[in-house]
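What follows is the residue order along each chain.
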Amino acid sequence: MGHDAEPPEEGRPDVPAESEEPSERVSGDEPLLAARVHRPSDLLRLLVGVLAIALVLAIAAFAHGTTSGLEQDINKGTTGAPDVFVKIAGLVSSIAVLLVPVAFAIERLIKRDGLRIADGVLAAVLAHGVTLATDLWVARAAPGTIQDALTQPAADGGLTDPVHGYLAPVIAYMTAVGMARRPRWRFALWFVLLLDAFTMLVAGYTTAFSIILTVLIGWTVAYGTLYTVGSPNVRPTGQTLLAGLRRVGFRPVTALRAEGLPDTAEQGDRGRRYIVTLEDGPPLDVTVVDREQQAHGFFYRVWRRLTLRAITTRRSIVSLRQALEQEALLAYAAIAAGANAPRLIATSELGPDAVMLVYEHLGGRTLDSLEDHEVTDELVRSAWRQVKALQSRRIAHRRLAGDAILVDRSGKVILTDLRGGEIAAGDLVLRMDIAQLLTTLGLRVGAERAVAAAVQVLGPDAIADCMPLLQPIALSRSTRAELRRLARERSKREREAVLEASQAEKQARAETHAAAGTAAGGGTKADRKAERAEKQADKRAEKRALDTALDEAREEDLLAQIRRQVLLIRPLAPVEPVRLERIKPRTLVSLIAGAVAAYFLLSQIARTPLSTIAEANWGWVAAAVLFSALSYIAAAMSLLGFVPERVPFWRTVVAQVAGSFVKIVAPAAVGGVALNTRFLQRSGVRPGLAVASVGASQLFGLGAHILLLLAFGYLTGTEKSQSFSPSRTVIAGLLTVAVLVLVVTAIPFMRKFVSTRLRSLFAGVVPRMLDVLQRPMKLVTGIGGMLLLTGVFVLCLDASIRAFGQGEAETLSFATVAVVFLAGNAIGSAAPTPGGVGAVEGALTVGLVAVGSLPLDVATPAVLLYRLLTLWLPVLPGWLCFNWLTKRGAL
C-alpha cells in the first residue's frame, strides 16, 4: 500500500465490509519490505566465478605447454617497452589504484550511503584472506605446473606472489559497492587496474594467469559477500507506484496491497498486486514486477530448460523491458483471440529496477477458492471454452493451475497470469495445456466430469491426443505438489486398511481358537502335528486376508483415472507417455561423478609403470579369478536364503552374473535390487513377496556389513598390541559414526528422509522374515551366503595385493584387508556412479596406503586388478546371461 493510504474501516464506501465476498477484502497495510534481499543473480555470479577459478587452475595444471608458451610470447612482446614509461606507469597506477576507491567511498559517505561502503570493505577483507590462503596453497601444496603458471622468479631468488594481495581486494570492493552502475567511476578504476596489471606484467612481476586469477577471486568473493549479507532492497514502495500512475495520466487516491488473497497471492515471479482507487472512474489492478521477483525461480527455469526436450520455454534471464513486453503482448493476443482475459490499459517503468502493468479491475475469486458446490458443469465447460479460444490462435497459457482461473460475480471465467505464456506455440505445448487443465479440473470435480466437459468443448480427438502428456513432469509445480500430497494420503489409507484387516483376522482367529479350545485335549504327537498344521493354515489365511484388504483399499491416482475415462471414449487412444525429460537428475549426477572417476582412474593407471604389471605373480592372479567366480555362487545363496518359495539355484547364479552387466548401467545400490526383484517375480514369486524377499536380504546384508566392519575394525586395532583394547583410531571412527547418527536423528528433515527411504525399502520385510524363520535351513543358507560373499571378496582383494607385492602383503593381516574392503564397498554403494566407479577405487587405494601401510605403487595395481576381476571383466558374461534370461522370460 502507498504510505499515504489509510487502513480500511468497516462501513467505508471504498472498502468492502467483512460480510462481503472474500475476493474483495484486501489488507490495509502494505507489508514492510526487507531492508536487504538475497539476489539469485548474486548466487549465480558466485557459482560462475567458482567454476571460472576451477577452469583457470585446471588449465594451469594440465596445459603446461600452453601456459609456458603464453609466458614466452608475453615476455618477447614486452621486451621493447621503454623502461622509463614502465616505471612511471607503475608508480602512477600503484597510487591511483588505492586513491580511486577511497575517493568513491568519500563520495558515497557524503551522500549517506555508508552501508554500501561497509559491504565493500567486508568484501575486500574477505578477498584479502582468500588471496593469502591461495598464496600459501600454491607455495606449499599446489602441483608444480600451477606454481609455474602463477609465479615468476623474483630478484631475491624466490618467487613472485601467485595472487596479488591488493588488486583482488580492490576489485572485490569495487564490485560490492556497485561502481559498475556508475560509468565514470567504473572507467577510472578499470583503467587504473589494467594499467597496474600491464606494468607488473611487463616488468616480470607477475604472469597472465596470475592476473586472471586475481580478478576472478575479487569478483567471486564480492558476489559471495553480497549474497551472504544481502543487497539493499530497491523494490518500489506504494508511494513510488502512485507517482508512476500519475505520470501515465491517472489520478490515484490509494493503492491497497492485495497480499494473501487467494486470487492475488504472490507465487513465483508473478509480481506484487495492488488494487488502486482513482478520484474518478473504476478501480485498477496494478502488477509491479521488480528485478528481485523477475529473478525468482531462475534456477528452476534453468533446470527445466536443461532437462525438458522439445519444449520451448521462455528465457531464464530476461530484462525487465522484455518481461514487460512479453506480458503485454500476451494480454493483447488473448483478447484478440476471443478469450476472457484482463484488459491491459497502460504500462510504465518505475525507475531502473521495476515496471508496472495497469489492468482493469476484475474482482471475483479463483477456482481454488470456490466451494465444491460452486464448481458447476457449466463453469467447467466455460473454462474449456477459454482454452479453446486461446488454442485457436495457437496461444499457450503454460500455467493453467487453479489460481490462474478467475470467476467473477456473474460466473464468467477469466484466464489470468498470462505472463509465462507463449504465442505461435507448437502442438506439444498446446497439448500440455490440455493435460494441465484436465488435471486441474480433475482435482476439483473428479476425472469423469473434467473429461466429459473437455470432450464436449474440444472434441474426443483433442483430448485423446493429450494422453501421452498426462505425466507429472508435464504439469506445473503446484499441481505436482498437490498430486504428491494425494498420493501420501492414499498410501496412508491403504496402510490403515491393511492394519485393520490384520487386526480383524487376528481377532477372528483368536475367537475361533477360544471356541475350539474346550474340545482340545491331549498332548500326543498327532495333536502337535495338527496344531502345527493349524498354525500354517492360520498364517496362510492371514496373508490372504492382507492381500485382499490391500487390493480392496488400493486406489487409482488422478492421472490414471483421467486415462481410464479417456479410453472409455477413445479405446485406441495412445497411452504411452511421451519422453519429455532430456536428462534426469540422477543421470546428470552420474555423468559428473563418472567424469571425475574416469579422471581418477586414468591418472592412477598413468602412474603405474608397465614393469609392475609384467612382474605380477600369475598364480595369485589365478587365485583372485577363482575367488571372483565364487562370489556369484555366494550371492545366489544369500538371495535364496530369504525366499521360501522354490527357485532354481543355478538359474539364480546366472541372474547374479547378469547383475554384473546391470550394475555398470545403474548405481550399485539400485541395479542389483531391481534385477533380483524382477527375477523372483518371473520365477513365480508374487510381486509383493519378491520385493519383501529382496528387502530382507538387503536388510540382513546391511546388518552383517556393519557388524563385520566393527568386528574386523576392533581386531585391526588390537592386533599390534598385547591387550585387547582397541586403538584410538578405531575409537575415533566409532565416535564419528555415532555423532553422524545422532546428527541425522536430531534434524527432522534428515530423520524423515532416512526413515522414509528405509520404510519404502524394507516394507513387508518383517512378515517375510517370519516365513523364513520357519525354515532354519533357508536362514542358514542366507546368512552363510552373506558371510561367504564377504569372505571371497576379501580373499580376492588379498590375492590381488599378493600378485603385485607378496613381500609387502605379508605384513597385512586378513582383518586389515577386510576393513579396507568393507569400508570401500560401503562408499561404493553410496556413490551415484554405476558400480561405484571411482569411489571404490579411491577408497580402497587410500585405505590400503593409510591403514595397511602399503606402498602406492603396489596398492594401485592391486586395486585395479581387483576391480577388473569383479567389475569390468564380468560385463561381457553378464550381458550374455542377461540376454539369455530375457529370452527365456526369466527377466
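Above this text sits the structure in question.
Residues numbered from 1 in each chain as written. Predicted model: local features only at pLDDT ≥ 70, side-chain atom pairs only at ≥ 80, totals over all residues. Heavy atoms only, no water.

Peer 1: Any details on the overall build of the protein? Residues and values, ideally.
Peer 2: Across its full length, the protein holds 34 helices and 10 strands. Here the protein, with 891 residues, has 44% of them falling under the buried criterion. (Helix = DSSP H or I, 4+ residues; strand = E, 2+ residues; numbered from the N terminus. Buried < 20%, exposed > 50% of the residue type's maximum accessible area, 1.4 Å probe, protein only.)

Peer 1: Can you break down a nonpolar patch on the surface residue by residue, with the values?
Peer 2: Taken together, the side chains of Leu702, Ile706, Leu707 and Leu710 define a hydrophobic patch exposed on the protein surface, amounting to about 380 Å² of accessible area. Considering the arrangement of structural elements, one finds Leu710 in helix H25 (residues 687-718). Look at Leu710 and you get partly exposed, because its relative accessible area is 42%. (Patch = residues over 30% accessible without salt bridge, like charges linked within 9 Å, V, L, I, M, F, W, Y side chains within 5 Å. Areas by Shrake-Rupley, 256 points an atom, 1.4 Å probe, with all protein chains shown as cover. Salt bridge = Lys/Arg side-chain N within 4 Å of Asp/Glu carboxyl O.)

Peer 1: Explain the sheet that holds strand E7 (residues 354-360) residue by residue, including any values.
Peer 2: An order of E3-E4-E5-E7-E6 is seen for the 5 strands of this open sheet, with the pairing classed as antiparallel. One side of each edge strand has no neighbouring strand; the edge strands of this open sheet are strand E3 (252-257) and strand E6 (344-349). Neighbour to neighbour, the strand axes of the sheet diverge by 25° on average, direction disregarded. Helix H9 (residues 238-247) contacts E3, strand E4 (272-278), strand E5 (284-290), E6 and E7 of the sheet and is inclined by roughly 135° relative to E3. Packed onto the sheet, helix H12 (residues 320-336) meets E5, E6 and E7 and runs at close to 15° relative to E7. (Pairing = 2+ DSSP bridges. Axes fitted to C-alpha atoms, helices over the stretch in contact; angles between N-to-C directions. Contact = heavy atoms within 4.5 Å.)

Peer 1: Tell me what's going on with the pattern of salt bridges, and back it up with residues and numbers.
Peer 2: Across all of its chains, the model carries 18 salt bridges by this definition. The closest approach of N and O atoms between Asp42 and Arg45, which form a salt bridge, is 3.9 Å. Taken together, the positions of Asp42 and Arg45, both in helix H1 (residues 40-62) and 3 residues apart, correspond to about one turn of that helix. The exposure class assigned to Asp42 is buried, which follows from its relative accessible area of 3%. Among the residues examined, Arg45 registers a relative accessible area of 33% and is labelled partly exposed. Across the pair Asp417 and Arg399 runs a salt bridge whose closest N-O atoms are separated by 3.1 Å. One end of the pair, Asp417, is in the loop between strand E10 (413-415) and helix H14 (427-445); the other, Arg399, is in the loop between helix H13 (377-392) and strand E9 (405-407), with 18 residues separating them in the sequence.

Peer 1: Tell me about helix H8 (residues 208-229), and please be specific about residues and values.
Peer 2: Here H8 is 22 residues long and its end C-alpha atoms lie 32 Å apart, about the 32 Å a rise of 1.5 Å per residue gives. Of the residues flanking the end of H8, it is Gly230, one or two places downstream, whose phi is positive at about 90°. (Expected span 1.5 Å × (residues − 1).)

Peer 1: Talk me through the pairing of E7; I want residue IDs and the actual numbers.
Peer 2: In summary, the side chains of a regular strand alternate between the two faces of the sheet. E7 sits mainly inside the fold: 6 of its 7 residues count as buried. Pairing analysis gives 7 bridges linking E5 to E7, with the strands arranged antiparallel. Following the sheet pairing, Leu284 is matched in E7 by Glu360. Inspection of the sheet shows E6 paired to E7 by 5 bridges, in the antiparallel sense.

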